[in-house]
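For reference, the chains in residue letters:
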Amino acid sequence: MTLKWQKDPEYLALVEDLLDNEMVQKLEMYKHHHVTNRLLHSLSVSYRSYRWAKRLKLNTKAIARAGLLHDLFFYDCETKHEVGGKGHNFEHPRIALENAKKLTELSELECDIILKHMAGATRDVPKYAESWIVTLMDKHSCVAELTTGAFSFIYRHTVKAMDVAYNPNQIN
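Just so it is clear, the structure is predicted and the values come from calculations on it, not from any experiment.

What counts, and at which threshold
- Residues numbered from 1 in each chain as written.
- Predicted model: local features only at pLDDT ≥ 70, side-chain atom pairs only at ≥ 80, totals over all residues.
- Heavy atoms only, no water.
- Buried < 20%, exposed > 50% of the residue type's maximum accessible area, 1.4 Å probe, protein only.
- Helix = DSSP H or I, 4+ residues; strand = E, 2+ residues; numbered from the N terminus.
- Arc of directions from axis to C-beta.
- Contact = heavy atoms within 4.5 Å.
- Polar contact = N/O pair within 3.5 Å; in protein donor to acceptor, adjacent residues only side chain to side chain.
- Phe/Tyr/Trp six-rings, centres within 6.5 Å; stacked < 30°, edge-to-face > 60°.
- Expected span 1.5 Å × (residues − 1).
- Core = buried A, V, L, I, M, F, W, Y, C linked by side-chain atoms within 4.5 Å.
- pLDDT = per-residue confidence, 0-100.

S.K.: Before we go on, may I ask you to explain helix α1 (residues 9–19) in this structure?
M.R.: What sets the pattern is the α-helix's 3.6 residues per turn: residues three or four places apart point alike. Along α1, the residues classified as buried are Tyr-11, Leu-14, Val-15, Leu-18 and Leu-19. Relative to the axis of α1, the buried residues are bounded by an arc of 130 degrees and lie together on one face. α1 presents Pro-9 and Ala-13 as exposed residues on the side facing more than 90 degrees away from its buried surface. If you follow the buried residues of α1, they end up packed against α2 (22–25), α3 (38–56) and α4 (60–69). Between the side-chain oxygen at the start of α1 and the backbone nitrogen of Glu-10 there is a gap of 3.2 Å, and the oxygen is on Asp-8.

S.K.: Whenever I open this one, the packing of aromatic side chains confuses me. Can you help?
M.R.: Each aromatic ring pair is specified by the distance between its two centres and by the angle formed by the two planes. For the structure on display, the rule yields five aromatic pairs. Between the aromatic rings of Tyr-11 and Tyr-50, the centroid separation amounts to 5.2 Å while the plane-to-plane angle is 55 degrees, which identifies the pairing as tilted. Taken together, the residues span a long stretch of sequence, with Tyr-11 in helix α1 and Tyr-50 in helix α3 at a distance of 39 residues. Judged on exposure class, the residue Tyr-11 and its partner Tyr-50 are both buried. A ring pair is formed by Phe-73 and Tyr-75, whose centres lie 4.7 Å apart and whose planes are at 40 degrees; its orientation type is tilted. With relative accessibility at 0%, the residue Phe-73 sits in the buried group. Each member of the aromatic cluster is reached from another via a ring pair, and the members are Tyr-11, Tyr-47 and Tyr-50.

S.K.: It is not clear to me how helix α5 (residues 88–103) should be interpreted in this structure. Could you clarify?
M.R.: End to end, α5 covers 22 Å across 16 residues, agreeing with the expected 22 Å (1.5 Å per residue, within 8%). Looking only at α5, the buried set comprises His-88, Glu-91, His-92, Pro-93, Ala-96, Leu-97, Asn-99 and Ala-100. Where α5 is buried, its residues contact α2, α4 and α6 (108–115).

S.K.: Looking at this model, I keep getting lost on the nonpolar core. Mind explaining?
M.R.: By size, the foremost hydrophobic cluster in this structure holds 32 residues, and its most contacted members are Tyr-11, Leu-69 and Ile-114. Secondary-structure elements contributing two or more residues to this core are α1, α3, α4, α5, α6 and α7 (129–166). Excluding residues within four positions of it along the chain, Tyr-11 makes contact with Trp-5, Leu-43, Ser-46, Tyr-47, Tyr-50 and Ala-64.

S.K.: Mind showing me how you'd approach the side chain of Ser-131 here?
M.R.: Mapped onto the fold, Ser-131 is located in helix α7. The exposure class of Ser-131 is buried, given its relative accessible area of 0%. Among the polar contacts listed, one links the side chain of Ser-131 to the side chain of Asp-112, at a separation of 2.6 Å.

S.K.: Mind showing me how you'd approach the confidence of the model for the chain here?
M.R.: The predicted structure's coordinates, where accompanied by low pLDDT, should not be read in detail. Within the chain, residue pLDDT values average 84, and 77% of them lie at 70 or more. For the chain, strand β1 (residues 31–32) is the element with the lowest average pLDDT, namely 71, and α4 is the one with the highest, namely 98.

The structure is reproduced here in structure tokens:
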């Protein structure tokens, strides 16, 4: 993630206690969208959403915090079919919300952001502008992550192969 969230003191002040939390740090152990980990994805969604909230003069605290917690679940996406009876898109926001409530007190706005971030893939309709922003930035981050992963895959499998084809003495 190329976003400079680490150098934004206003943003860090809003999420610092969450970033220091062991449960949030545990997200780093879970692969997300095949090319990143769930913590980096959540930071991307949170910071992108925070920046939009700032521009639009919305609730930056709620959006930064809920954006960071929106995927606070602890199972691999490869086993997502084993979780709940209504599917991953429906179940994981509910699991994330319950986990987030164990970490911190949440406002109605923050609950709506976490619970409804899969709008479009579920019938959950966000109630607030902040919820819509996190929903859109979740999709935006996903596309950015998948694009980065695709370019990396293409590079590894074509550019390097072409280099070997043009320079047969370069084979390791």
